[in-house]
Amino acid sequence: MRTFVTQQLRPAILLLLLLTLVTGVAYPGIVTAIGQFAFPSQANGSFITVNGTEVGSSLIGQAFDQPNYFWGRPSNAGVTPSNPAGYDGTASGGSNLGPTSKALIDRITASVDQLRQANGNAPIPVDLVTSSASGLDPDISPAAADYQVARVAAARGMTPDAVRAVVARHTTQPLFGFLGEPIVNVLELNLDLDGLLTTKS
Amino acid sequence: MSMPDFLTFAALLAALLLATPILGGYMYRVFEGERTVFSPVLRPVERAMYRIAGVDETVEQGWKGYTVSVLLLALVSILAVYAILRLQAGLPLNANSAPAMSPDLSFNTAISFVTNTNWQNYSGEVAASNLAQAGGLVVQMFVSAAMGLAVAIALVRGLVRRSASTLGNFWVDVTRGVLYILLPISIVAAVILVWQGVPQTLNAPSTITTLQGAHQTLSIGPIASQEAIKELGNNGGGFLNANSGHPFENPTGLSNFLEMFLILLAPFALTYTFGRYAGKQRQGWVLLGAMAFIFVVGAIFLMHVEANGNQLFPAGVDQALGNMEGKEVRFGSAVSGLFATITTDTSTGAVIAMHDSLTPIGGLVPLFNLILGEISPGGIGAGLYGMLVIGAILSVFIAGLMVGRTPEYLGKKVESYEMKMAMLTVLVLAVSILGFAAVATATQPGQAGPLNAGPHGFSEILYAFASQTANNGSAFAGLTGNTPFYNVLGGIAMLIGRFGMIIPILALAGSMAAKRRVAPSLGTFPTTGVIFGVLLVGVVVIVGALTFFPALALGPIVEQLLQNAGKVF
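Residues numbered from 1 in each chain as written. Chains lettered and ligands numbered in written order. Predicted model: local features only at pLDDT ≥ 70, side-chain atom pairs only at ≥ 80, totals over all residues.

1. A short note on the packing of helix α9 (residues 253–278) of chain B against helix α11 (residues 332–345) of chain B
Residues and elements named next belong to chain B.
Right, so step 1: Relative orientation of the contacting elements α9 and α11 amounts to 25°, with a least axis distance of 10 Å. Relative to α11, the element α9 is oriented roughly parallel. Relative to α11, α9 is oriented so that their crossing is left-handed. Mapping the contact onto sequence places M260, I263 and L264 in α9 and F339, I342 and T343 in α11.
Right, so step 2: Looking at the contact of α9 with α11 residue by residue, the classes come out as five nonpolar, one polar and no charged. (Axes fitted to C-alpha atoms, helices over the stretch in contact; angles between N-to-C directions. Helix = DSSP H or I, 4+ residues; strand = E, 2+ residues; numbered from the N terminus. Parallel < 35°, antiparallel > 145°, perpendicular 65-115°, else oblique. Left-handed = near helix turned anticlockwise from the far one by under 90°. Contact = placed C-beta atoms within 7 Å. Nonpolar A, V, L, I, M, F, W, Y, C, P; charged D, E, K, R; others polar.)

Structure (structure tokens):
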């Protein structure tokens, strides 16, 4: 038995090394080469550049609380006393609060009060009071955008219809009508409202 | 649950049923050493690997030799990953300055990736270097998945061979699994993911100033290459903490569809491979039918309850989108429920929504999938060997008891030795899940883990040991798992769940291989019909339910009743 085991030890060690070369070096290398060549923007994080400066990634949400911007979802990514809004790109994650958690219900109730003060008493779309899985959700639902149109229009001195037109430009429908949900990209929308988005349609 | 959600589910099932015969037949040819489309490129690589490693591909192994090889590769792998994680701070390609992992965390993480579990008590953004992820963890994502494939194929060979003493050569099976099956599909899938927006770079994380003037550091890295094998290999270990819920791991509806497809692809196709080996495709379709039935029922239930929202949320919240806590807008609540079902029907454990925040009775679905031992359709390889042993062998035995005949499967008599091995796999799962959960519930370091109070806290503990024993890796992630107590117990649970299954199953395979084939008679219970499929579902669900009902009643079931009564904790 002992010689049998030692005989098998050689392939165990050497095959692991060889498979490491194949799957740990060649494989990521090939994918990196193809990705960087064919899709350089996506492969490097889908960054949005304004006047030569990176202002964020179109895939990663940012914290917004000023009245002239559309607000994204509550975030649980890296929430600390010095960063109460979350959206920390190095600390993705959800609240993990259970469905019967008092902390969850209290947090949502507080969000409701806050949103009502800023937006009036219309029913609040649920995505604006629930924290996302990643804490970095870049999107809100079209209903959640619509809910905020009056506030943003008033803060910017625009008509609601003018704001709605900008929202429509950053609303994406599901692929083939069913893959994914209708979404509004909050960062691109706010950049557009600021007149900073030049190339994005 | 709306029409688009139904269409997503229907399109997924259609794509899988189309792919099943294609990949299933291909896998048969790969494991039987036949020439395939990739042979001109890969065959020279394969032969060179055997030459260097000293493997004679013409020599087959008996079940003991096969088992020793499995265990040795696992042991060497655990030591290698452990060393990388302990030393990563000083190794190259550490763009995010990850410090060395602690001994207990390295122990848990190394076992986790070698056993195909991918339970993660660390956050990838800050706690693992690019070298550790791409060169250590991703390698095990391939190797552990190929190990599952190899063991499944060895069991199938044992079932169909007559008076044979060998099951194949493990080194050959594992090498072919990586080279011919996992690698080509992963490359294609990873490139599609990059196209959809998943980063693939070795550059360091980048810090930007946001529109409102805050600083935000964006974690990038070789994410797409890990994401593809993470789903295809049923691993589930995310490059980033939020896993597939993170927009950098899963940016669009299309990427999400591809990831769900990849998770189910190999487990579906393996049933066809099995039919091919058995010489009758219906043998495989029956298994797939039983697996898919459990999967579809669970998925529709979970999609439905998540889309219905949480009645404890305050009035004034419009819950048209369903229970969105811990979910992403681009996926929606119903498809998040579908993904949660898929990831726990297999041994994947990737998540696009936080399972901890599912509705109480919704959270029962993933938990139930785990305790069934993941056979609907189960992990890569592990699903097939689990279903063949817990399902098929046990079912023919029970059918045999009812009519008073020696049970047969594929023309082989199932006798007391086989039943002992089959029951061992059932009991090992139950003892590990319930035993460790009981220890954690009764001791101070265990009680310190849960985030949530009330029955949900117990669910977090039960889920942790069910997930690790079943080699899944998803979590009710509120549990604080990075403590010596949970790291060490979880590591042991993962070893028990993996090798407590594999060893008896290979023993059973060896015993079945040695048997003669008996001609079917009038009294033979046919294993190709609907009745057998119904029996399979019944046996699997009843064995699981009887074993675990008391524990489930204390967790999600009582929590749902209390939620109905409006109680919060």
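We are not done yet, so read on.
2. Quick look at the interface of chain A and chain B
Right, so step 1: At the interface, 90 residues of chain A touch 104 residues of chain B.
Right, so step 2: Elements represented by at least two residues in the side of chain A that touches chain B include exactly α1 (2–38), α2 (40–43), β2 (53–57), α3 (102–119), β3 (124–125), β4 (139–140) and α6 (186–193) of chain A.
Right, so step 3: With 25 residues, α1 of chain A is the single largest residue contributor to the side of chain A that touches chain B.
Right, so step 4: For the side of chain A that touches chain B, the residue count by class is 49 nonpolar, 34 polar and seven charged.
Right, so step 5: Pairing of β3 of chain A with strand β3 (residues 317–318) of chain B, which is carried by two bridges, proceeds in the parallel orientation. Residue pairing for β3 of chain B: I124 of chain A is matched across the bridge by V317 of chain B. (Pairing = 2+ DSSP bridges.)

3. What to know about the domain arrangement of chain A
Right, so step 1: Its domain assignment divides chain A into domain 1 (2–41) and domain 2 (46–193).
Right, so step 2: Summarising the inter-unit geometry, the C-alpha centres of domain 1 of chain A and domain 2 of chain A are found 42 Å apart. (Domains from an automatic or database assignment.)

4. Some words on the environment of G383 of chain B
All names here are of chain B.
Right, so step 1: Looking at the secondary structure, you find G383 in helix α13 (residues 382–403).
Right, so step 2: A count of 29 C-beta atoms within 10 Å places G383 in the buried class.
Right, so step 3: Each C-alpha atom, one on G383 and one on R47, is 30 Å from the other, the two residues being 336 residues apart in sequence.
Right, so step 4: Setting aside anything within four residues of it in sequence, one finds G383 in contact with P267, T346, E374, I375, P377 and G378. (Buried ≥ 20, exposed ≤ 12 C-beta atoms within 10 Å, placed from the backbone.)

5. Let's talk about the pairing of strand β1 (residues 206–209) of chain B
All names here are of chain B.
Right, so step 1: Where β1 lies against strand β2 (residues 215–218), four bridges are found, and the strand directions are antiparallel. Its bridge partner being in β2, I208 is matched across the sheet by Q216.
Right, so step 2: What sits between β1 and β2 in their antiparallel hairpin is a turn of five residues, with G213 showing a positive phi close to 95°.

6. Details of the environment of A422 of chain B
All names here are of chain B.
Right, so step 1: Relative to the elements of secondary structure, A422 occurs in helix α14 (residues 416–442).
Right, so step 2: Judged by the 22 C-beta atoms lying within 10 Å of it, A422 is buried.
Right, so step 3: Taking the C-alpha atoms as reference points, A422 and V540, separated by 118 residues in sequence, lie 13 Å from one another.
Right, so step 4: Apart from the residues lying within four places of it in its own chain, the contact partners of A422 are V389, I390, I393, L394 and L508.

7. Looking at unusual backbone geometry
Right, so step 1: Look at the link from S376 of chain B to P377 of chain B: it is a cis peptide, with omega at 5°.
Right, so step 2: Looking at the secondary structure, you find P377 of chain B in the loop between α12 (360–371) and α13.
Right, so step 3: Despite not being glycine, S46 of chain A has its phi angle at roughly 55°, a positive value.
Right, so step 4: Position of S46 of chain A among the secondary structure elements: in the loop between α2 and β1 (47–50).
Right, so step 5: A count of 23 C-beta atoms within 10 Å places S46 of chain A in the buried class.
Right, so step 6: We note that Y87 of chain A has phi near 55°; this positive angle belongs to a residue other than glycine.
Right, so step 7: Here Y87 of chain A shows up in the loop between β2 and α3.

8. A word on α12 of chain B
Since one α-helical turn is 3.6 residues long, residues separated by three or four positions face the same way.
All names here are of chain B.
Right, so step 1: With 12 residues, α12 extends 17 Å between its outermost C-alpha atoms, agreeing within 8% with the 16 Å of an ideal straight helix rising 1.5 Å per residue.
Right, so step 2: Most of α12 is tucked away, with 11 of its 12 residues classed as buried.
Right, so step 3: Here α12 has its buried residues at P360, G362, G363, L364, V365, P366, L367, F368, N369, L370 and I371.
Right, so step 4: Among the structural elements, α10 (281–307), α11, α14, α16 (455–469) and α18 (530–564) are those in contact with the buried residues of α12.
Right, so step 5: Count one or two residues on from α12 and you reach G373, which has phi positive near 90°. (Expected span 1.5 Å × (residues − 1).)

9. Here's the deal with the packing of helix α3 (residues 63–87) of chain B against helix α17 (residues 484–513) of chain B
Residues and elements named next belong to chain B.
Right, so step 1: Remark: α3 packs on α17, axes separated minimally by 9 Å, with the N-to-C direction vectors making an angle of 160°. Considered as vectors, α3 and α17 are oriented roughly antiparallel to each other. The two elements α3 and α17 cross, and the hand of that crossing is right-handed. The residues of α17 that touch α3, namely those facing W63, Y66, T67, V70 and L71, are F499, I502, I503, L506, A507, A509 and G510.
Right, so step 2: Tallied by class, residues from the contact of α3 with α17 come to 10 nonpolar, two polar and no charged.

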